Amino acid sequence: MNTNLLVVSNQRETAWLAILREFLGTSGTLHIVSEAGAIGEISRTHYDLIVIDATTVQEPAKLVSRLREQRRDARIVVLTISPTWQEARDVLRAGAIDYFDSLDREGFTTRINSALQQPASTSSG
């Protein structure tokens, strides 16, 4: 199965992007867009999972809402290096299916794999 992932980040290279590339290997495609380009990108292409880098995006919950308005069936996870319960609450209410820190390699790949296994939802939190 060819997995198509979209990463929304205002940085082109981070440690967890390298982990994502390794996770996908040859069985998937990783696309990286800036926050400004995310809405246009998901209107053109279907992605199995959208990963938002909350450390580089200004307002992750608002971006989740905007992406869910564009694609009601989107699977969206939000990564951060400094998680807070307030941001977790906000992004999950906005429609993200997961929110977690990206520092633990094993946990990171487990959570990404789990998100890919979840059925696409048509309603937001």
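This one's a predicted model, so the numbers in the text were calculated from it and none came from an experiment.

The rules behind each value
- Residues numbered from 1 in each chain as written.
- Predicted model: local features only at pLDDT ≥ 70, side-chain atom pairs only at ≥ 80, totals over all residues.
- Heavy atoms only, no water.
- Salt bridge = Lys/Arg side-chain N within 4 Å of Asp/Glu carboxyl O.
- Helix = DSSP H or I, 4+ residues; strand = E, 2+ residues; numbered from the N terminus.
- 1 Å grid on protein atoms, 1.4 Å probe; cavity = no way out; pocket = protein on both sides within 12 Å on 5 of 7 lines; lining within 4 Å.
- Points joined across faces, edges and corners; volume = space filled by probe spheres on them.
- Nonpolar A, V, L, I, M, F, W, Y, C, P; charged D, E, K, R; others polar.
- Core = buried A, V, L, I, M, F, W, Y, C linked by side-chain atoms within 4.5 Å.
- Buried < 20%, exposed > 50% of the residue type's maximum accessible area, 1.4 Å probe, protein only.
- Contact = heavy atoms within 4.5 Å.
- Expected span 1.5 Å × (residues − 1).

## Considerations on the pattern of salt bridges
Link 1 in the chain: Across all of its chains, the model carries five salt bridges by this definition.
Link 2 in the chain: In this structure, Glu13 engages Arg21 in a salt bridge whose closest nitrogen and oxygen atoms are separated by 3.3 Å.
Link 3 in the chain: The salt bridge involving Asp98 is made with Arg111; its shortest N-O contact spans 2.7 Å. Here Asp98, found in strand 5 (residues 98–101), pairs with Arg111, found in helix 5 (residues 105–117); they are 13 residues apart in sequence, far enough to count as distant.

## Considerations on empty space enclosed by the protein
Link 1 in the chain: On inspection of all chains with the given rule, the structure shows one cavity of 30 Å³ or more.
Link 2 in the chain: Size it by volume and the largest cavity reaches roughly 60 Å³.
Link 3 in the chain: As for the largest cavity, its lining consists of Ile42, Thr45, His46, Tyr47, Ile50, Arg71, Asp73 and Ala74.
Link 4 in the chain: Classifying every residue of the lining of the largest cavity gives four nonpolar, two polar and two charged.

## Some remarks on the nonpolar core
Across soluble globular proteins, nonpolar side chains show a tendency to be buried alongside one another.
Link 1 in the chain: Among the nonpolar cores identified, the biggest contains 22 residues, and Val8, Ile50, Ile52, Val64, Leu67 and Val78 are the most heavily contacted of them.
Link 2 in the chain: Put simply, the parts of the chain that give this core at least two residues each are strand 1 (3–8), helix 2 (38–44), strand 3 (49–53), helix 3 (60–70), strand 4 (76–80) and helix 4 (85–94).
Link 3 in the chain: With near-sequence residues (within four places) excluded, Leu67 lies in contact with Ala38, Ile39, Ile42, Ile50, Ile52 and Ile76.

## A closer look at helix 5
Link 1 in the chain: Here helix 5 spans 19 Å end to end across 13 residues, near enough to the 18 Å set by a 1.5 Å rise per residue.
Link 2 in the chain: Buried residues belonging to helix 5 abut strand 1, helix 1 (15–24), strand 3, strand 4 and strand 5.

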